[in-house]
Each structure stands twice: as structure tokens, then as C-alpha cells.
Amino acid sequence: MTLAEMLMLLWQRTPDLIGGFGYNLLIAVLAMVLGTLIGVGLGAARYHRSRRVRLPAGWLTSLCRNVPSFVLMFYIAFVLPVEVEWGGGVVTIPLWYKATLALVIPVVGFASDQGLALLRQRAQGREGAGATFLVAWVQYYLIVLMASATASVIGADEVVGRVNEVIAFDSTPTFLLLGYGYVCLFFLASGLLISATARYMEAWFERR
Amino acid sequence: MMARGWLIWLWCCLLIAVSCDVLGGEPRWADDRQAKADGRLAHAMQRERLIVGVKTDYPPWGMRDRSGRIIGLEADLARDLGRRLEMPVELVSVTTSNRLNRLSQGQVDVVIATLGDTAIRRRAADLIRPHYYASGVRLLTPAASALTRWEALEGHPVCLTEGAYFNRELVERYGIHPQTFPGTRDSRLALRDGRCVGWAYDDSVLSQVLDDPEWADFRLALPSRLDTPWAVAVASGEGERSLGRFIARTVADWHRSGWLVERQRAWGIPDTDFLEVQRRRFQETDASGELLCRPDAGGAFPESCLEPAPEPLPAPSVPAWAERVERHTGLDLAPLFDALNRQRLMTGIATTLALSIVAILGSLVVGVLLALAERRGSGRPWHWLVRWPSRLLVSVARMTPPILQLYIVFFGLGGLLAARFGFTLSGFLVASLVFSVYAGSSNAAVLSPMLARQMRQDPEAPLLRQVARSIEQGFEGLVSIMVNIVKAAGMASTIAVPEVISATHRLIGEGGDAASLMTLLLVFYFCFVLVVMALLNLLKRWVIS
């Protein structure tokens, strides 16, 4: 393929790739929301007066903190069922659900630590504890979004998997570079947007 | 006008008559007397879709066309199977290394993906006989090579492609020094760059490579070895059920009708003896005109109509304590009692350790350099020349997924370097570099403000002391970044670095129990990260005191 043909092919498949990137954004948002809900609960349990509540919550947090999401991704893909029978039919569990589940775990660890810090700072009567939490949360979203790209290794439908399909058509190094570089731009653009948001929030909280 | 209309009619009638005649003998699910689907076939019927795993990196057996659709000889086979089962077919792309895993996970119903029938694979799946194709391993070498015997390869570097069935046997039987690459493209490049004496791979592929005029200086040196028939695979236990039986009869019909030979020619693959032998075998009739090779009441073909199945491997002897572990916890440790497997896992763990150490040190160095680029010489006119490129690097490294960075450097830049300058980047080197820069950018973000403060407070101090103090003050932040990089290091498995995740996958692909091995991997990582954290905390105490 000539360079022009390569660019043309990428342009033709752009709507498809953007659709795939939508899944990355969705996976990351869902993982953050679910993980935060569970994690803040754990953090609160670690702040509890009773040792019996504090200890297990601490263990669970360290479990979530210490296992890599990349390994969890495979673990969940292997161990959870692929399809379930539902109302006489067969329902396939989409692989991106599993990828989301794998990413929830590290978010739980993160939110538990941040939640605990938040409660401690509140108790000390320190100002701006909520603001610190929110800014850290937005920055962590960026990390989870980057990690969502690994969902392609278990075959989940997202942007890296989709660009791999396009690249399979002509796997010369030049086309590889173009294809992966193009998808990197998606991540870079949303990364810049997210860190700008974090900075804006920080400035806004400081002004108040 | 009239005459032409008649002619078209006549052709249509003829076509229908011919196809009735040909199709009359073809197994179709609806015609089947015992059309009672069980197991996986019943499941697929309930889903109203047959999911078949085929290759997309093995033209002309499996590849993608411009629109991304999967085409090729094996895609044709899969679609024909679906047509006979009267079900739509969904084709899913699988690779040599994940095809049997996808099958045992239940993500696909059937695998038709250039799968050679070997004893190890029979542990992981049911391989259907009759076989539909066959190939052996040959060695592609420079034309000037003096090699004549496989035995002469002992101790020499030989390029291999990850996941091929003969790799293990070539290492064990001929004592080659393996140089394993993730895909055929990389093996090809490695051979051209002289990184090995030859590329040992499937003869069906190697002969197609030689057709390319660019490879005029190469030849197939050694006789074909380890000739292996290719089989359609279904999940363990399904071979004896309706899905396996139906596929067996369908493959026999592909041979008998000559359709397989016809498809082979249509895709431009040279004729092979194997297909010719099969065609004749399945067409043979006895004196009364009955087919000799037909399934018995239970659905099995007579052994004389089939290529021999590989001898089953002896089960590895498992010590009593491991059996007790299995009884109590359900963890099946059998794969760990095979010498080669143990060696692979040990290499995997050692590689993971080495990669983690290199990435931690590398990220520290990169972090210090980037922080210095940001802070040193500020105010001088040339400073932006250093600062802007380093800021760009930090942004790009932090805001693009590390897995894409690995792909870009390894396959993209690595490929260009090999094509232009003839040297290949090792996966380990690429992974160390990418992780160092990725984590280094985060380290720089921690170190940079510390360094600025040091420079303000003590501008006369030597640079080395300023850097050391900044590291000391920012150590807490650095530790969490380093722990993260240790957790991310497993991603190197995607560029064929033989670390512990790759090793585990290989064991699962050879029939090891997936749930047990994945649980062990998870436990390993949990402990590993705990130890790393404990060591870094010790270091922290030492640094701060």
C-alpha cells in the first residue's frame, strides 16, 4: 500500500475506531464509579472504631491494591462464564464487562486509601480535604483510561482491538506506526482534556 | 431473444440437477436421522449462531480483506460448516498462542486454525479425525548454507515462531538454541538480519515465502520433519458428542466431493499429496458400490480411513502431597511436575524479576534526567531547547497507554530499524525502555518541584547532592510509582518477552488447568508486589535515616 492508501484506509475506518474509543471511555467511567462506591465504603470501614471492622477492610484494601489489573483481566476472562442461559435463550457476557470488572479492583484500592485520608483530614478539621479527593480522583481516571487499552488482550471490543483489525490488513511497520499513532492521538487528546479539568478544578478550589 | 431465454432455462435446470446430485450425499443437520443435538451444538442452536475461531495472520488460510472481513480457505470451511448446520456463522480471529485457550474458555464453539494434531494439544481439546490438511516443519536457510541434517543444528541459533507445535520437539530432539519471535513477520525479518542459521516453520508457509522474488537467495535446506495432519478442534468432551460427530462427517465429505481440493486451488495453494490420498480414500467403494469409509452407528470412522492419532502422553507423575492439595483446594498442580514446564516458569519468574529491577532503576534515571531538563539552566536562552522536548515526552508518555507504546516501539520502530539497518530490538530491551520512560515521566513530576526547592534553598550545593536530597524528600511518591511499574511489567508478555504471564499462558495452551494456573499466577503476583513494597519501605527508612 502507498502512504496515501494507508491514510485513506485509516480515514475510512475512523468512525469504527471512534466507536471503539467510546468503549474505553465507558469502561473507565464505569470502573471508576463502581470502584469508588465500594472503595469509599471500605475506607470508612477502616476508619471504624472497632478492630473487627477495621482489620478485614484493611486486608481487602491491600488485596485490591496489590494485584495487577493486567493479570486480573486474564483471571476474570478465564474464570467467569462466557455465556449464561437466560429465559430460554443464551446471553453472551460481553468481554468489556469483564474488563470493567478487572479495572474496578484497583479503583477500590485507590478509593479506599483516598477515602480514609479524607475522613482523617476532616476529623483534624483541615480545609479542602474534599477538593484534594476530587482532584486525585480525576487524575486517577486518566490512569484507568490508559489501562483500559489492555482490555484488547482478552479480546474485548475497544479501540486497540479495532485498530489491530485494521492493521492486520497490511502489517508493514509504517502502517503499524500510523495506525497505533492515530489511536494514541485519541488518548492524548482526552488525557490533555482530563488534566486540564484537574488543573481547573484545583484552581477553582483554591480561589474559594 | 427467445433462444437465449431457453438457453438460460436449460442451464438453470442442469445446474439444479447437478447440484441435487452432488448435494444429495452431503451431510446436512436437518436430514440427519439422529438429529438430536447435545452439548455444545445444542448450546449453539439455542444461541442461533455458530462461533468459529479462525486465523487472520496466515494468508491464504486466514486473513482480513480491506473492509476487515475475515476471508481465506479456513474461513470458507467454517462458513460451509455453518451452512450445513443451517446456522449463521460468526468468525472470530484467534492466534496460534490463544486458540485453544479461547476454546476451553467457551468463547468459540469450533477452532479451524491451522492446528496440527499433537499429543500435547489433545490434552487441551478434542481434535477431530478425519484431518483436513497436513504439513511438516522445514528449515528456510540462506542458499549458501551447508546444512544437510537436522542433527547438525545442535547448539545453533534457529528462528522459531511462537506457538508452533514443533518448537518444543525441535528443542528437545535436536538441541537447537531457540530464538522465538511473536509472529511470522518477525521471524522472517530475524532470518534476513542473520540472527539465526535458519527459520524452522510450517512448510506450507515457507514454500509460499520462497515464491517471493525477494527471497531468491534462500532455500529449503532440510527434509520435512514431524509431518503433522491438521485437525478441526472442539472443546474437550465434544468430540464424542453431536458437534464432533457432525464435523467428522463433514470433513469426510469435503474430501470425498473434492471440494477441499477445489478451494485449495481457488486460493492459489499448490496441490498436496495429502489431499489427493484423502480424496481417493473417501471415494473408495466396495463390490456392492457402498462407500468403504463411512461412519458406523456410533458416528466413528473405521481406523483404516484415518491418519493415526498421536500416542497419548503419559500423565506426569504427581507426588502425593500435590494430590492432597488438589483434593482439598481444587488446585491442579500437575503441569508443575514436568521438567520443561518448570524450567519455563523459572525463566518466566527470573525474567519478571529482572524486568522489574531494570524498570525501577531506569525510571529513576529517566525521572532525574527529565526533572533536570525542566529545572537546570532556567533563564538561559537555550533552555527552551531542552525543556520543550522533555515536556512533550512527559505528556506523551503519561497520556498514551503503555501497551500501545510497547506495540509502537517493538513492532513499529523495531520493524523499521530491522528493515532499514538490519538490527532487531529485543523485547526485553523495548519493555525496559518503555516502562522506564512511562514511570520516569511520573517520577519527574514528583522530583521536579523538590529539585526546584533545593536549588532555591541551597544554590551553591553540588548538583549530585541536590538530586539526592530531592529523591529523599520525594521518596514516598516515588515508591508508589515504582510499585505501579512492577504491576504493569506483565504487559511485556504482549511483545513475547518470556516472563511469568507468557509462561503461564503456554502451560494453559498445552492443557494445564486454566483456573488453577491463573490462581497461582495471581497469588504469585500478590506476594511479589508485597515483597517489593516491603523492600522499598525498608529502603525508604534507610534513605530517610
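What counts and how
Residues numbered from 1 in each chain as written. Chains lettered and ligands numbered in written order. Predicted model: local features only at pLDDT ≥ 70, side-chain atom pairs only at ≥ 80, totals over all residues. Heavy atoms only, no water. Helix = DSSP H or I, 4+ residues; strand = E, 2+ residues; numbered from the N terminus. Buried < 20%, exposed > 50% of the residue type's maximum accessible area, 1.4 Å probe, protein only. Contact = heavy atoms within 4.5 Å. Areas by Shrake-Rupley, 256 points an atom, 1.4 Å probe, with all protein chains shown as cover. Lys, Arg positive; Asp, Glu negative; His and termini not counted. Charge placed at Lys NZ, Arg CZ, Asp CG, Glu CD. Pairing = 2+ DSSP bridges. Axes fitted to C-alpha atoms, helices over the stretch in contact; angles between N-to-C directions. Domains from an automatic or database assignment. Buried area = accessible area lost by both parts, 1.4 Å probe. Salt bridge = Lys/Arg side-chain N within 4 Å of Asp/Glu carboxyl O. Polar contact = N/O pair within 3.5 Å; in protein donor to acceptor, adjacent residues only side chain to side chain. Disulfide = S-S within 2.5 Å. pLDDT = per-residue confidence, 0-100. Core = buried A, V, L, I, M, F, W, Y, C linked by side-chain atoms within 4.5 Å.

### Side note on the overall build of chain A
Item 1. Counting secondary structure elements, chain A contains eight helices and two strands.
Item 2. Going residue by residue from the N terminus, the α and β elements of chain A occur as α-α-α-α-β-β-α-α-α-α.
Item 3. Based on the C-alpha atoms only, the size of chain A along its principal axes is roughly 65 × 55 × 30 Å.
Item 4. Within chain A, buried positions represent 50% of all 208 residues.
Item 5. The contacts of chain A with a sequence gap of at least 6 include a subset with a gap of at least 24, amounting to 75%.
Item 6. For chain A, the accessible area works out to roughly 9900 Å², and carbon and sulfur atoms hold 66% of it.
Item 7. Computing the positive centroid from 15 side-chain charges and the negative centroid from 12, chain A places the two 22 Å apart.

### Points about the overall build of chain B
Item 1. Looking only at helices and strands, one finds 20 helices and 13 strands in chain B.
Item 2. The principal-axis extents of the C-alpha atoms in chain B amount to approximately 105 × 70 × 55 Å.
Item 3. Within chain B, the fraction of its 545 residues that count as buried is 51%.
Item 4. When the accessible surface of chain B is totalled, it reaches about 25500 Å², and 59% of it is carbon and sulfur.

### So, the sheet that holds strand β5 (residues 110-111) of chain B
All names here are of chain B.
Item 1. Read from one edge of the open sheet, five strands run β4-β1-β5-β13-β6, paired in mixed fashion. The outermost strands of the open sheet, each flanked by one partner alone, are β4 (89-94) and β6 (126-127).
Item 2. Sheet topology places strand β1 (residues 50-55) next to β5; two bridges connect them, and they run parallel. Bridge assignment links Val52 to a residue of β5, and that residue is Val110.
Item 3. Together, β1, β4 and β5 form the strand contacts of helix α3 (residues 73-85), whose direction differs from that of β1 by roughly 170°.

### Looking at the domain arrangement of chain B
All names here are of chain B.
Item 1. Looking at the assigned domains, one finds that chain B contains domain 1 (24-131 + 229-293), domain 2 (147-216) and domain 3 (338-544).
Item 2. Of note, the centres of domain 2 and domain 3, computed from C-alpha atoms alone, are 32 Å apart.
Item 3. In this assembly, ten residues from domain 2 lie in contact with twelve residues from domain 3.
Item 4. When domain 2 packs against domain 3, the two sides together hide about 960 Å² of surface, and 50% of this comes from carbon and sulfur.
Item 5. Inspection of the domain 2/domain 3 interface yields zero salt bridges.
Item 6. At the boundary of domain 2 and domain 3, one finds zero residue pairs in polar contact (both at pLDDT 80 or more).

### Description of the interface of chain B and chain A
Item 1. Of the residues lining the interface, 52 residues belong to chain B; the matching set on chain A comes to 52 residues.
Item 2. For the pair chain B and chain A, the two sides together bury roughly 4600 Å², of which 71% comes from carbon and sulfur.
Item 3. One salt bridge connects B:Arg64 with A:Glu165, and the closest N-O pair in it is separated by 3.8 Å.
Item 4. Across the contact surface, chain B and chain A share six residue pairs in polar contact (both at pLDDT 80 or more).
Item 5. Considering every element that reaches the side of chain B that touches chain A, the biggest residue donor is helix α20 (residues 514-544) of chain B, with eleven residues.

### Here's the deal with the state of the cysteines
All names here are of chain B.
Item 1. Counted by the stated rule, this structure contains two disulfides over all chains.
Item 2. With its sulfur 1.9 Å from that of its partner, Cys159 forms a disulfide with Cys196. Its S-S torsion of approximately -100° makes the covalent link between Cys159 and Cys196 left-handed. Note that Cys159 is positioned in strand β8 (residues 157-161) and Cys196 in the loop between α7 (184-192) and β10 (199-202), a separation of 37 residues in sequence. A single burial state applies to Cys159 and to Cys196, both of which are buried.
Item 3. Across a sulfur-sulfur distance of 2.0 Å, Cys293 and Cys305 are joined as a disulfide pair. Judged by the torsion about the S-S bond (-90°), the Cys293/Cys305 disulfide is left-handed.

### Quick notes on the confidence of the model for chain B
Item 1. Put simply, chain B has an average pLDDT of 86, and 93% of its residues get 70 or more.
Item 2. With pLDDT under 50 throughout, residues 17-24 of chain B is counted as low confidence; its partners more than four residues away or in other chains account for one contact.

### Let's talk about the nonpolar core
Item 1. Among the nonpolar cores identified, the biggest contains 116 residues, and A:Ile154, A:Phe187, B:Phe435 and B:Ile495 are the most heavily contacted of them.
Item 2. Look past the residues within four positions of B:Ile495 in its chain and what remains in contact with it is B:Leu406, B:Tyr407, B:Phe410, B:Phe411, B:Gly427, B:Val430 and B:Ala431.
Item 3. Grouped together as the second largest cluster of nonpolar side chains are 72 residues, B:Ala75, B:Val137, B:Cys159 and B:Ala252 included.

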